[in-house]
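Listed below, chain by chain, are the residues.
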Amino acid sequence: AKKAEEKKKKEEEKKKEEEEAKKKKEEDAKKAKKPEEKKKAEKAAPESAAPAGMPPKVRAELDKLYKKGSLNQGAIDIGAIKHLEALPEVHGLSVLAKLVEKGPQNISNVSGFLVGIMKRVRMEYGLPDPGAKKAAESSSESESSSDEESSDEEEEEKKKPAPKKVVVQKKEEKKEEKK
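These remarks concern the structure in this document. Keep in mind that what you see is a predicted model, and the values were worked out from it rather than measured.

Procedures and definitions
Residues numbered from 1 in each chain as written. Predicted model: local features only at pLDDT ≥ 70, side-chain atom pairs only at ≥ 80, totals over all residues. Heavy atoms only, no water. Patch = residues over 30% accessible without salt bridge, like charges linked within 9 Å, V, L, I, M, F, W, Y side chains within 5 Å. Areas by Shrake-Rupley, 256 points an atom, 1.4 Å probe, with all protein chains shown as cover. Salt bridge = Lys/Arg side-chain N within 4 Å of Asp/Glu carboxyl O. Lys, Arg positive; Asp, Glu negative; His and termini not counted. Charge placed at Lys NZ, Arg CZ, Asp CG, Glu CD. Helix = DSSP H or I, 4+ residues; strand = E, 2+ residues; numbered from the N terminus. Contact = heavy atoms within 4.5 Å. Core = buried A, V, L, I, M, F, W, Y, C linked by side-chain atoms within 4.5 Å. Buried < 20%, exposed > 50% of the residue type's maximum accessible area, 1.4 Å probe, protein only.

**What about a negative patch on the surface?**
A cluster of acidic side chains, namely Glu11, Glu12, Glu13, Glu17, Glu18, Glu19 and Glu20, defines a negative patch on the protein surface. By secondary structure assignment, the location of Glu17 is in helix 1 (residues 2–44).

So this is what it looks like as structure tokens:
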């Protein structure tokens, strides 16, 4: 009976040793894969997710947000990126600071949020709107082809009363009728 117990103990010890050896091999394999995975990830990810035309400090701050995982690639559309590029560095950094303060994970439309902040910053500091230039160019092209038609339409629009005035007039009429 003692021999049988000793055999069982030896078998159990061998199993434990084998299991420990397997665990070590698995851990070693995982450790070996991690540097390879990091290299692959570094190769796959561009050096900077932010465009080259962006002020350097703004670009660095945006990259930090991407690297931390606070901001996903594609969360900011190209239009918002272009508006951010057009801002001076100081204002671009303040816009990103407001984004960080709010927390990108708490914002459903990051691009819309940024565009709204940038619009307020441009208005506050009298900065030009990069989107306004494009709109002005496209409208000036269409106006040059139909100057006569647009001037007639503009005169008709001026003759029409504003909708608010009509509502106010109707309310005043109702008050007079009650009296």
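From this point on, the discussion continues.
**Concerning the environment of Ser70**
When you line up the elements, Ser70 lands in the loop between helix 2 (56–68) and helix 3 (78–86). Separated by 33 residues in the primary sequence, Ser70 and Gly103 place their C-alpha atoms 7.8 Å from one another. Sequence-distant contacts of Ser70, defined by excluding residues within four places in its chain, comprise Leu65, Pro104 and Gln105.

**Points about the nonpolar core**
In this structure, Leu62, Leu71, Ile76, Leu84, Val95 and Leu99 are the most contacted members of the largest nonpolar core, which totals 20 residues. Listing elements by their share of this core, those giving two or more residues are helix 2, helix 3, helix 4 (89–102) and helix 5 (110–125). Top contributing element to this core by residue count: helix 5, with 5 residues. Setting aside chain neighbours within four positions, we find Val95 in contact with Leu84, Leu87, Leu114, Ile117, Met118 and Val121.

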